[in-house]
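Structural characterization, general
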Amino acid sequence: MKRSPPKKMRIEELIRRNVWEVDKERHIEILDEKGLPRKQLLLLCPMRCYVEEEGRLVMHYEECVECGLCRILSNPKSLRWDLPRGGMGIRYRYG
Ligand code: SF4
């Protein structure tokens, strides 16, 4: 039996198929905005968790996919990065 090719999806569509258990406690926190690579965080976070609000760098953790990129780009004195507490955060759905 011939299988039909998989339906093409945009990456945003694929990401939105996952589910999030949003914790009340944030797992990522800006400690020192000046010590962070602002441009890279704004440009490279795949979920656009970093935004500028009234000239300040603000981090919205709710839709974080826990890729760890911001952790690699930043130093621990400027950014606290943890995984969400057990059972919280993103639950990936494959297929
Ligand atoms: S871990 Fe990834 S998705 Fe989450 S805030 Fe950092 S860069 Fe964005």
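Cut-offs and rules
Residues numbered from 1 in each chain as written. Predicted model: local features only at pLDDT ≥ 70, side-chain atom pairs only at ≥ 80, totals over all residues. Heavy atoms only, no water. Helix = DSSP H or I, 4+ residues; strand = E, 2+ residues; numbered from the N terminus. Buried < 20%, exposed > 50% of the residue type's maximum accessible area, 1.4 Å probe, protein only. Pairing = 2+ DSSP bridges. Salt bridge = Lys/Arg side-chain N within 4 Å of Asp/Glu carboxyl O. Core = buried A, V, L, I, M, F, W, Y, C linked by side-chain atoms within 4.5 Å. Contact = heavy atoms within 4.5 Å. Near = heavy atom within 4 Å. 1 Å grid on protein atoms, 1.4 Å probe; cavity = no way out; pocket = protein on both sides within 12 Å on 5 of 7 lines; lining within 4 Å. Sits in = over half its atoms within 2 Å of the grid points. Nonpolar A, V, L, I, M, F, W, Y, C, P; charged D, E, K, R; others polar.

Although it is not a glycine, Glu54 adopts a positive phi angle of roughly 50 degrees. Within the element layout of this structure, Glu54 appears in the loop between β3 (50-53) and β4 (56-59).

Taking every second residue as pointing to the same face, the buried face of β4 carries Leu57 and Met59, while none of Arg56 and Val58 on the other face is buried. The pairing of β3 with β4 spans four bridges and is classified as antiparallel. What sits directly across from Val51, in β4, is Val58. In sequence, β3 turns back onto β4 through a hairpin of two residues, with Glu54 there showing a positive phi of about 50 degrees.

Let us look at the pattern of salt bridges. Pairing between side chains becomes possible if they bear opposite charge and their charged atoms approach one another. Applying the stated criterion to the full structure yields ten salt bridges. We note a salt bridge from Glu21 to Arg91, for which the minimum N-O separation is 3.0 Å. Of the two residues, Glu21 is situated in strand β1 (residues 19-21) and Arg91 in strand β6 (residues 89-91); the sequence distance between them amounts to 70 residues. Residue class for Glu21 comes out partly exposed when judged on its relative accessible area of 35%. Look at Arg91 and you get partly exposed, because its relative accessible area is 46%. With its nearest N and O atoms 2.7 Å apart, the salt bridge here joins Arg85 to Asp23. Pair noted here: Arg85 is in the loop between β5 (79-81) and β6 and Asp23 is in the loop between β1 and β2 (28-30), with a separation of 62 residues, a long-range link. Overall, the relative accessible area of 5% leaves Asp23 in the buried class. Taken together, the shared-partner salt bridges connect Glu33, Arg38, Glu52 and Arg56 into one network.

Residues Ile28, Met47, Cys49, Tyr50, Cys70 and Leu79 are the most contacted members of the largest nonpolar core, which totals 18 residues. Those residues in contact with Met47 that lie beyond four places of it in its chain are Ile15, Arg16, Trp20, Glu63 and Val65.

Glancing now at the site of the ligand. Surrounding the ligand, one finds 14 residues, the nearest of these being Cys45, Cys64, Cys67, Gly68 and Cys70. Of the pockets mapped on this structure, the ligand occupies the largest cavity. Within the shell around the ligand, the residues separate by chemical class into twelve nonpolar, one polar and one charged.

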